[in-house]
Amino acid sequence: MSSDNAAQEAGRDVPGDGEPVWDVVVVGAGPAGASAAYAAASTGRKVLLLEKAELPRYKTCGGGIIGPSRDALPPGFELPLRDRVHAVTFSLNGKLTRTRRSKRMLFGLINRPEFDAGLVEVAKKAGAEVRTGVTVSRVEQHGSAVPDRRTVAIVLGDGQTLLARAVVGADGSAGRIGAHVGVKLDQVDLGLEAEIPVPATVAEDWAGRVLLDWGPIPGSYGWVFPKGDTLTVGVIAARGEGAGTKRYLEDFIARLGLAGFEPSVSSGHLTRCRSDDSPLSRGRVLVCGDAAGLLEPWTREGISFALRSGRLAGEWAVRIAEAQDAVDARRQALNYAFAIKAGLGVEMGVGRRMLTLFERRPGLIHAAVTGFRPAWHAFARITRGTTTLAEIVRTHPVARRVLSAMDKA
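Residues numbered from 1 in each chain as written. Predicted model: local features only at pLDDT ≥ 70, side-chain atom pairs only at ≥ 80, totals over all residues. Heavy atoms only, no water.

J.: So, the overall build of the chain: which residues are in play, and what are the values?
T.: Broken down by element type, the chain carries 13 helices and 18 strands. A compact globule built from 409 residues should have a C-alpha radius of gyration of about 22 Å, and the chain, at 22 Å, falls within 12% of that. Taken over the C-alpha atoms alone, the chain extends approximately 70 × 50 × 40 Å along its principal axes. Looking at the chain residue by residue over its 409 residues, the buried ones come to 53%. Long-range pairs, those at least 24 residues apart, make up 72% of the contacts in the chain between residues at least 6 apart in sequence. About 17,700 Å² of surface is accessible on the chain, with carbon and sulfur atoms providing 52% of the total. (Helix = DSSP H or I, 4+ residues; strand = E, 2+ residues; numbered from the N terminus. Rg over C-alpha atoms; globule rule 2.2 N^0.38 Å. Buried < 20%, exposed > 50% of the residue type's maximum accessible area, 1.4 Å probe, protein only. Contact = heavy atoms within 4.5 Å. Areas by Shrake-Rupley, 256 points an atom, 1.4 Å probe, with all protein chains shown as cover.)

Here it is in structure tokens:
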């Protein structure tokens, strides 16, 4: 059998330069991209996962794995947990500190380099090919680089062109694929973080317990996440408050008695939420995770949104790859958008309303979660994944009335 025929038997075409026409090319190997690649490769399709960095690589992220993240992981994936959280200390800009405890684990903590690399390995085992150190310059769905209407051209930084039946963009909120799709962003926040190695005596004090501090800037908060001999300490606030956010982090670290320890890593990152009318696709190209602006607006939690949207994107990318014409491809892309909006979109809508309440009345949030037992139980159930914020608002009249009152304020 010739090499061309062998490739055809394997379910892909080979153009003149010998590079295959991939069924699905995924750009970006974070949780969203790895999940998309795994979902697509698990169907037996030819999948290529591209990543501009070398793995493992650092990512500014608290590393909290809540129930929805755990439930969205590939079957059999073993979480590289650095700690298991059973207690949360809450404070209101350093005051009114109170710790709530749970007999059952609330959520787990991971280091992103290990976690992301593990997800990529699972995608590889499912059959995806992975290429790192690859930069994507642009994607084209028309023009001389595109041989037919069923194909997308991915132009790399070195000038090489790859061809695919479908593309998934998971290259971050400032990536090329989101720009191609025309993603529109509604909320941008700045997160600052320090990885602080600490002595064993300090680490022991934090084991199994995190701190959440409602901050001095409207909508801001800080966190301490213990990971063995290192504490991940960070804050987040609206972009445009850069100086205040930096000052908040410095004051936060000093208040915790950690100013004398040298961080091993200090980093910053912008998180971006999509607007309600932002597209999730263009032609045969889908976006997911941060590239689509999918994250929870109040907490800015993004891992669960990345894993869930990535899996959906991978599944629908396979359907798009099989589509024989633009009409069918468009139908599948609309189905993907509907699935995202019906699940994650609803959660984001409630998250926006909660952020508005939190910006105006952080003291109310603090009093509720530290002094009102049903609110603490709701927090615990959300983090464990037995319910969602949207479900609580839908089923609990008091929560619904409070948010409705704030909507009218």
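J.: I'd like to hear about the sheet that holds strand S5 (residues 87–92), residue by residue, with values.
T.: Within a sheet, each strand pairs with its neighbour through backbone hydrogen bonds, oriented either parallel or antiparallel. Strands sit in the order S6-S5-S13-S14-S15-S12-S16 across an open sheet of seven strands; the sheet is mixed. Strands at the two margins of the open sheet, each flanked by one partner only, are strand S6 (95–101) and strand S16 (265–274). Adjacent strand axes in the sheet meet at a mean angle of 20° when their direction is disregarded. By the bridge criterion, seven bridges tie strand S14 (residues 221–227) to strand S15 (residues 230–238) in an arrangement that is antiparallel. For Val-224, the partnering residue across the bridge sits in S15 and is Val-233. The strands touched by helix H11 (residues 373–384) within the sheet are S5, S6 and strand S13 (209–214), with S5 carrying the most contacts at an inclination of about 120°. (Pairing = 2+ DSSP bridges. Axes fitted to C-alpha atoms, helices over the stretch in contact; angles between N-to-C directions.)

J.: Which residues make up the packing of aromatic side chains, and what values do they have?
T.: Under the counting rule described, the total for this entry stands at eleven aromatic pairs. Ring centres of Trp-214 and Phe-358 lie 5.3 Å apart, and the angle between their planes is 75°; on these two criteria the pair is classed as edge-to-face. A residue pair is termed long-range when its members are at least 10 positions apart, and Trp-214 in strand S13 and Phe-358 in helix H9 (residues 326–360) qualify at 144 residues. With a relative accessible area of 6%, Trp-214 lands in the buried category. (Phe/Tyr/Trp six-rings, centres within 6.5 Å; stacked < 30°, edge-to-face > 60°.)

J.: Which residues make up the environment of Pro-216, and what values go with them?
T.: Secondary-structure assignment places Pro-216 in the loop between S13 and S14. In the structure, Pro-216 is positioned 28 residues away from Gly-244 in sequence and 8.9 Å away in space, judged by C-alpha atoms. The contacts of Pro-216, once residues within four sequence positions are left out, are Asn-93 and Tyr-248.

J.: Please give an account of the nonpolar core that cites residues and values.
T.: In terms of nonpolar packing, the biggest core is built from 72 residues, with Val-24, Leu-50, Phe-115, Ile-154 and Tyr-336 touching the most fellow members. Looking at which element gives the most residues to this core, the answer is helix H8 (residues 303–322), with eleven residues. Setting aside residues up to four positions removed in sequence, Val-24 forms contacts with Ala-40, Lys-46, Val-47, Leu-48, Ala-166, Val-168, Ala-317 and Val-318. Within the second largest apolar cluster, 29 residues are counted, among which are Ile-66, Phe-107, Ala-390 and Val-393. (Core = buried A, V, L, I, M, F, W, Y, C linked by side-chain atoms within 4.5 Å.)

J.: An account of empty space enclosed by the protein is requested, with residue identities and associated values reported.
T.: Per the counting criterion, the structure on display carries one cavity of 30 Å³ or more. There is about 40 Å³ of room inside the largest cavity. Along the walls of the largest cavity sit Ser-173, His-269, Leu-270, Thr-271, Arg-272, Asp-290 and Leu-295, which together make up its complete lining. A per-class count over the lining of the largest cavity returns two nonpolar, three polar and two charged. (1 Å grid on protein atoms, 1.4 Å probe; cavity = no way out; pocket = protein on both sides within 12 Å on 5 of 7 lines; lining within 4 Å. Points joined across faces, edges and corners; volume = space filled by probe spheres on them. Nonpolar A, V, L, I, M, F, W, Y, C, P; charged D, E, K, R; others polar.)

J.: Lay out the packing of H8 against H9 in plain terms, naming residues and giving numbers.
T.: At their nearest, the axes of H8 and H9 sit 9 Å apart, and the two run at 165° to each other. In terms of axis orientation, H8 runs roughly antiparallel to H9. Remark: the crossing between H8 and H9 carries right-handed chirality. Across the interface between the two elements, Phe-305, Arg-308, Ser-309, Leu-312, Ala-313, Trp-316, Arg-319 and Ile-320 from H8 touch Ala-329, Gln-332, Ala-333, Asn-335, Tyr-336, Ala-339, Ile-340, Leu-344, Glu-347 and Met-348 from H9. (Parallel < 35°, antiparallel > 145°, perpendicular 65-115°, else oblique. Left-handed = near helix turned anticlockwise from the far one by under 90°.)

J.: Break down the pairing of S6 for me, with residues and values.
T.: As defined by bridge partners, S5 adjoins S6 across five bridges and the pair is classed as antiparallel. When the sheet's bridge partners are listed, Val-88 is paired in S6 with Arg-100. The turn linking S5 back onto S6 is made up of two residues, and Asn-93 within it adopts a positive phi angle of 50°.

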